[in-house]
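# Examination of the molecular architecture
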Amino acid sequence: MADRVIVIGYDGGPLSTHAVEALKSATLVAGAERLLDAVPVPEAAERVVLGNVHVAAQRIGAHRGAAVVVAAGDPGFFGIVRVLNRPEYGLEMEIVPAVSSVAQAFARARMPWDDARIVSAVGRDVRRAANVCRVSGKVAVLTGPGAGPAELAAQLHGLARTFVICENLGTDREEISMVSAEHVLEREWVDVDVVIVIGPTPRAGTAVGWVAGERAGFPGPVRGWAMPEDAYAHRSGAITRAEVRALVLARIGPRLGDLVWDVGAGSGSVAVECARHGAAVVAVEQEAFACDLIAENAGRFGVEVAVVHGKAPDALARLPLPDVVFVGAGGPRVLAACAARRPERIVAAFTEIDRVGEMRAVLERAGFLVDGCLLQSSRMSPVSGGARRLDAGHPVFVVWGDRS
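To keep things clear, this report deals only with the structure shown in the data block. Computed from a predicted structure; not experimentally measured. (Residues numbered from 1 in each chain as written. Predicted model: local features only at pLDDT ≥ 70, side-chain atom pairs only at ≥ 80, totals over all residues. Heavy atoms only, no water.)

## Quick notes on the side chain of asparagine 131
Where we set the bar: Numbering of helices and strands runs from the N terminus, with a helix taken as a DSSP run of H or I at least four residues long and a strand as a DSSP run of E at least two residues long. Here a residue-residue contact requires only that any non-hydrogen atoms of the pair lie within 4.5 Å.
Tracing the sequence through the fold places asparagine 131 in helix 6 (residues 126-135). What asparagine 131 contacts, discounting residues up to four positions off in sequence, is Gly257, Asp258, Leu259, Ala280 and Asp323.

Set out below in structure tokens:
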């Protein structure tokens, strides 16, 4: 077993005295090839070029002597420390961090970043990182093979986003480029460490929240969910009742990194509440007036909802793949078109009892495990003398399916 393992962060600047001394006494030095070339590795020390980090961790653990691992930036921030710290390797580490690539990127862009979300697309599906960029105004994306600026831009096609692309951070070949999303695909990018994606600009003077990655009050000062109908601009009777919305939201389970379709969105009450939970949302609505209501309601709660004016199922053809779908209007044909996109879950709400069997059958044929319920709520309304009466709402069927 290695006598000690010192993990040194390197940001392109001079190494600390402690880091230099650790390298001088090292009998094994591991790191990416460009980092090993950038730091003073003793001639007698064994060089281990990192490829598969798990294989490298085993090699370091078997080494008898002083081992040093050189990592980019802060090795404890989406870095190699998480792997080396796994109990099966039995490594005792000392960490000497440098400035993280994210901190460098925002410094080069001259931007504060306590209100930024930070996500890693390294070794992951870039679609989830892109979904965070859809819903957040400022996101730093740690990039990797197959998850770089071009892939992000392709996912965000049609959205107004500005990319700050950071190549070769901390080297003499460092280049920082600010381009609009549609121009990202016009050139090739080399050794990109971080991409900052900037969305709609917050209002001037917007305060910073007490949690990193959030603006103060974002996504709004209202506590809870399933807001009352009068919280939304809508036509009389043309809105999903709060009680139904509560169950629908529970079944959708919107979360950061998800993309939710709200098909037949009406006033957008479900779409807006999904966005308030951090999900990216596409609302599909065939009536132009209702599309305007969706945009108004999203603005009321300070969230972004992509509104598509069109009729399902035709309007669904070019939409990005969803994680969850809510069908608030549309029959079995629309539900089948949504199921064909293979989301993790589909939720549908409707009032016609004769559709229950057919809607269940559509989901079952598509391979979903189906459940549902009939929901009817009775609200207390005041009458003379301070008494209350119960006003029963119309029954609504809610059916949901999980992809098996």
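## Notes on the packing of aromatic side chains
For any two aromatic rings, the description comes down to two numbers: the centre-to-centre distance and the angle of the planes. What counts, and what does not: The pairing test for Phe, Tyr and Trp rings, Trp by its six-membered ring, is centres within 6.5 Å, and the orientation test on the planes gives stacked under 30 degrees, edge-to-face over 60, and tilted for anything in between. The cut-offs for exposure are 20% and 50% of the maximum accessible area for each residue type, with area from a 1.4 Å probe on protein chains only; residues under the lower value are buried, those over the upper are exposed, and the others partly exposed. Two thresholds decide whether a charge sits over a ring: the Lys NZ or Arg CZ must be within 6 Å of the ring centre and within 35 degrees of the ring normal.
This structure, assessed with the given rule, holds four aromatic pairs. Measuring from ring centre to ring centre gives 5.8 Å for phenylalanine 106 and tryptophan 113, while their planes differ by 5°; the resulting arrangement is stacked. A residue is classified by how much of its surface remains accessible, and phenylalanine 106, at 1% relative accessible area, is buried. Seen from their ring centres, phenylalanine 350 and phenylalanine 397 are 6.0 Å apart, and the 20° between their planes marks the pair as stacked. With phenylalanine 350 in strand 15 (residues 345-350) and phenylalanine 397 in strand 19 (residues 396-403), the pair connects residues that are 47 residues apart, well separated along the chain. Of the two residues, phenylalanine 350 and phenylalanine 397, both sit in the buried class. Here the basic side chain of arginine 187 rests over the ring of tryptophan 189, its NZ or CZ set 3.8 Å away from the ring centre. The ring of tryptophan 400 carries the charged tip of arginine 251 above its face, separated from the ring centre by 4.5 Å.

## Notes on the environment of cysteine 166
With respect to the helices and strands, the residue cysteine 166 is situated in strand 8 (residues 162-167). Judged by relative accessible area, cysteine 166 falls into the buried class, the value being 0%. Along the backbone, cysteine 166 and glycine 146 are 20 residues apart, and their C-alpha atoms lie at a distance of 16 Å. Filtering out sequence-adjacent residues up to four positions away, cysteine 166 remains in contact with Ala105, Glu175, Ile176, Asp191, Val192, Asp193 and Val194.

## Quick look at the packing of helix 8 (residues 242-252) against helix 9 (residues 269-276)
Put simply, the rule is: Here an axis means a line fitted to C-alpha atoms, over the contact stretch when the element is a helix, while the angle between two N-to-C directions is reported on a 0 to 180 degree scale. Roughly parallel means an angle under 35 degrees; roughly antiparallel means over 145; roughly perpendicular covers 65 to 115; every other angle is labelled oblique. Working rule for handedness: look at the near helix, and if it is turned counterclockwise from the far one by less than a right angle, call the crossing left-handed; if clockwise, right-handed. Each residue gets one label: Ala, Val, Leu, Ile, Met, Phe, Trp, Tyr, Cys and Pro are nonpolar, Asp, Glu, Lys and Arg are charged, and the others, such as Gly, are polar.
Between helix 8 and helix 9, whose axes approach to 11 Å, the crossing angle comes to 50°. Classified by the angle between their axes, helix 8 and helix 9 sit oblique to one another. The crossing of helix 8 and helix 9 is right-handed. Residues Arg245, Val248, Leu249 and Ile252 of helix 8 form the contact with helix 9, whose participating residues are Ser269, Val270, Glu273 and Cys274. A per-class count over the contact of helix 8 with helix 9 returns five nonpolar, one polar and two charged.

## Observations concerning helix 10 (residues 288-300)
Helical periodicity: at 3.6 residues per turn, an α-helix aligns residues three or four positions apart in one direction. Spelled out, the test is: Helix span, as expected, comes to 1.5 Å for every residue beyond the first. In this context, the arc is that of the directions from the helix axis out to the C-beta atoms.
Between its first and last C-alpha, helix 10 extends 19 Å over 13 residues, near the 18 Å set by a 1.5 Å rise per residue. The set of residues buried in helix 10 consists of Ala290, Cys291, Leu293, Ile294, Asn297 and Ala298. Taken down its axis, helix 10 places every buried residue within 155° of arc, on the same side. Facing away from the buried surface of helix 10 by more than 90 degrees, the exposed residues are Asp292 and Gly299.

## Quick notes on the pattern of salt bridges
Here is the rule we go by: Salt bridge, as used here: a side-chain nitrogen of Lys or Arg that lies within 4 Å of a carboxyl oxygen of Asp or Glu.
Per the counting criterion, the structure on display carries 22 salt bridges. One salt bridge connects arginine 300 with glutamate 296, and the closest N-O pair in it is separated by 3.4 Å. Separated by four residues within a single helix, arginine 300 and glutamate 296 lie in helix 10, roughly one turn from each other. On the accessibility criterion, glutamate 296 (38% relative accessible area) is partly exposed. Residues participating in the shared-partner salt-bridge network are Asp125, Arg127, Arg128, Arg255, Asp258, Asp323 and Glu344.

## A word on the side chain of serine 267
Tracing the chain through its elements places serine 267 in the loop between strand 11 (259-263) and helix 9. When its relative accessible area of 3% is taken as the criterion, serine 267 is described as buried.

## Section: unusual backbone geometry
Trans is the prevailing form of peptide bonds, just as negative phi is the prevailing case for residues other than glycine. The linkage connecting alanine 312 with the following residue, proline 313, adopts the cis geometry, with an omega of 10°. Here the phi dihedral of phenylalanine 78 falls at roughly 50°; this positive angle occurs in a residue that is not glycine. Assessed through its relative accessible area of 48%, phenylalanine 78 is described here as partly exposed.

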